[in-house]
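# Structural description and commentary
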Amino acid sequence: MRKPLVAGNWKMNLSGAQAEQLAQALVARVGQVDRVQIVVCPPFPYLLRVRAVLAGSKIALGAQNCHHEAKGAFTGEVSPTMLVDCGCQWVIVGHSERRGGKVQEKDDLIRKKINAAHAAGLHVILCVGETLFERQNNETPSVIENQLVGCLEGMPADKMASVVLAYEPVWAIGTGHNATPQQAQEVQQFIRNWLDDQFGAGLAAATRVLYGGSVKPDNAGSLLTQPDVDGALVGGASLVADDFVGIINAAPAGK
Ligand code: PGA
């Protein structure tokens, strides 16, 4: 049974006080929810403050990124071990805002981050997704497959057990244009088939594949009830307690 997972990626938003207020609102409203696994990923400087608010609730803490080394001369970076020390159980890697733009993270680096996160004991949310140009050129399957191969091919099964995938079409992130439920299902079934080919039916059936990209309370139900959509990675709507709670409430029982 795959328990639904709804993760909030707060990105580079909120003040420390606002982050605490948002976490308090979530603890009050969904802090004891067990049916859905809930993760919030605040900016690094607020991890400890949010951790204190989440204490005693079932909401887990995650980070938005990590470095691929455990320590060393890497100015401005944060290691997976430090994230664990700050109370994180999760880390997002491979987000399109880090694959693209000025950061230009490549699959081999993302693979190193997954390994480092696993070594530190973190669970990983690995994002994959195509740009609009790639979709319009019918390259979606090959782009997704290349990302999966580059980040995950040959990973031992024990590492894969701590990986959750997130299909995030780049054209849907922060645009208000979500993928249709059919588009999400099509790609997410493709991802599960790839997992089946690589790692076998057991792991493919156990691995959660989230959808991300303009998920809101009013589209969450139709997206999250697709057979291969096991939850959501939420950006903008995760900054508003009502909206994030609405998405959590729209998640069906596990599949
Ligand atoms: P969005 O962001 O919900 O604001 O589209 C999703 C994400 O970047 O994970």
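Refer to the structure above for everything that follows.
The rules behind the values
- Residues numbered from 1 in each chain as written.
- Predicted model: local features only at pLDDT ≥ 70, side-chain atom pairs only at ≥ 80, totals over all residues.
- Heavy atoms only, no water.
- Axes fitted to C-alpha atoms, helices over the stretch in contact; angles between N-to-C directions.
- Helix = DSSP H or I, 4+ residues; strand = E, 2+ residues; numbered from the N terminus.
- Parallel < 35°, antiparallel > 145°, perpendicular 65-115°, else oblique.
- Left-handed = near helix turned anticlockwise from the far one by under 90°.
- Contact = heavy atoms within 4.5 Å.
- Patch = residues over 30% accessible without salt bridge, like charges linked within 9 Å, V, L, I, M, F, W, Y side chains within 5 Å.
- Areas by Shrake-Rupley, 256 points an atom, 1.4 Å probe, with all protein chains shown as cover.
- Salt bridge = Lys/Arg side-chain N within 4 Å of Asp/Glu carboxyl O.
- Lys, Arg positive; Asp, Glu negative; His and termini not counted.
- Charge placed at Lys NZ, Arg CZ, Asp CG, Glu CD.
- Nonpolar A, V, L, I, M, F, W, Y, C, P; charged D, E, K, R; others polar.
- Near = heavy atom within 4 Å.
- Polar contact = N/O pair within 3.5 Å; in protein donor to acceptor, adjacent residues only side chain to side chain.
- Buried < 20%, exposed > 50% of the residue type's maximum accessible area, 1.4 Å probe, protein only.
- Right-handed = clockwise from strand over helix to strand, strands pointing away.
- Pairing = 2+ DSSP bridges.
- Phe/Tyr/Trp six-rings, centres within 6.5 Å; stacked < 30°, edge-to-face > 60°.
- Core = buried A, V, L, I, M, F, W, Y, C linked by side-chain atoms within 4.5 Å.
- 1 Å grid on protein atoms, 1.4 Å probe; cavity = no way out; pocket = protein on both sides within 12 Å on 5 of 7 lines; lining within 4 Å.
- Points joined across faces, edges and corners; volume = space filled by probe spheres on them.

### Observations concerning the packing of helix α7 (residues 140-152) against helix α9 (residues 181-199)
Between α7 and α9, whose axes approach to 11 Å, the crossing angle comes to 40°. Accordingly, the angle class assigned to the pair α7 and α9 is oblique. Every pair of crossing elements has a handedness; the one defined by α7 and α9 is right-handed. Packed against α7, whose contacting residues are T140, P141, I144, E145, L148, V149 and L152, the element α9 presents V187, F190, I191, W194 and F199 at the interface.

### Observations regarding a negative patch on the surface
On the surface, E145, E153, D196 and D197 cluster together into a patch of negative charge. Looking at the secondary structure, you find D197 in helix α9.

### A closer look at the packing of helix α1 (residues 16-30) against helix α2 (residues 47-54)
In the contact formed by α1 and α2, the axes pass within 9 Å of each other and the chain directions differ by 25°. In terms of their interaxial angle, α1 and α2 are classed as roughly parallel. Of the two possible hands of crossing, α1 and α2 adopt the one that is right-handed. Residues G16, A17, A19, E20, A23, Q24 and V27 of α1 form the contact with α2, whose participating residues are R49, V50, V53 and L54. Looking at the contact of α1 with α2, its residues break down into seven nonpolar, two polar and two charged.

### Overview of the environment of I125
Mapping I125 onto the fold places it in strand β5 (residues 123-128). Sequence separation between I125 and Q136 is eleven residues, and the spatial gap between their C-alpha atoms is 26 Å. Dropping the residues within four chain positions of it, I125 is found in contact with A7, W90, V91, I92, V93, V164, A166, L210 and L233.

### Side note on the site of the ligand
Looking at the ligand, there are 13 residues lining it, with K11, H95, E168, G174 and S214 nearest. In the model, an oxygen atom of the ligand is placed 2.8 Å from a nitrogen or oxygen of the G235 main chain. Here an oxygen atom of the ligand sits 2.8 Å away from a polar atom, N or O, in the main chain of G236. Bound to the protein, the ligand loses 97% of the 280 Å² it would expose on its own. When its residues are assigned to classes, the shell around the ligand shows four nonpolar, seven polar and two charged.

### What about the pairing of strand β2 (residues 37-41)?
Working note: regular strand, side chains alternate between the two faces of the sheet. Among the five residues that make up β2, four are buried, leaving the element largely enclosed by the rest of the structure. Tracing the backbone out of strand β1 (residues 5-9), into α1 and back to the parallel element β2 gives a crossover that is right-handed. As paired strands, β2 and strand β3 (residues 60-63) are joined by two bridges and run parallel to one another. In the strand pairing of β3, V39 is matched with A60. Handedness of the crossover is the feature at issue here: the chain leaves β2, passes through α2, returns alongside β3, and the resulting connection is right-handed.

### Let's talk about the packing of aromatic side chains
Scanning the entire structure with this criterion turns up two aromatic pairs. Centroid distance W194 to F199: 6.0 Å. Interplanar angle 75°. Geometry classified as edge-to-face.

### Topic: the pattern of salt bridges
Per the stated rule, a full pass over the model turns up eleven salt bridges. Between R98 and E105 there is a salt bridge, with its nearest N and O atoms 2.9 Å apart. For R98, a relative accessible area of 25% puts it in the partly exposed group. On the accessibility criterion, E105 (7% relative accessible area) is buried.

### Considerations on the nonpolar core
By size, the foremost hydrophobic cluster in this structure holds 67 residues, and its most contacted members are L26, I114, L126, L152 and I191. Residue contacts for L126: discarding those within four places in its chain leaves V93, R99, I110, I114, C151, L152, V163, V164, L165 and A166. Formed by 13 residues, the second largest nonpolar core is a distinct cluster that contains V39, A60, I92 and A166.

### Quick word on empty space enclosed by the protein
Unoccupied space between atoms shows up once a probe the size of one water molecule is rolled over them. Per the counting criterion, the structure on display carries two cavities of 30 Å³ or more. In this structure, the largest cavity spans a volume of roughly 60 Å³. Lining the largest cavity, in full, are R2, P4, L224, V229, D230, G231, A251, P252, A253, G254 and K255. Together, G94, H95, S96, R99, C127, V128, G129, Q147, E168 and V170 line the second largest cavity. At the level of secondary structure, the elements contributing two or more residues to the lining of the second largest cavity comprise α4 (96-99) and β5. Grouping the amino acids of the lining of the second largest cavity by side-chain chemistry returns three nonpolar, five polar and two charged.

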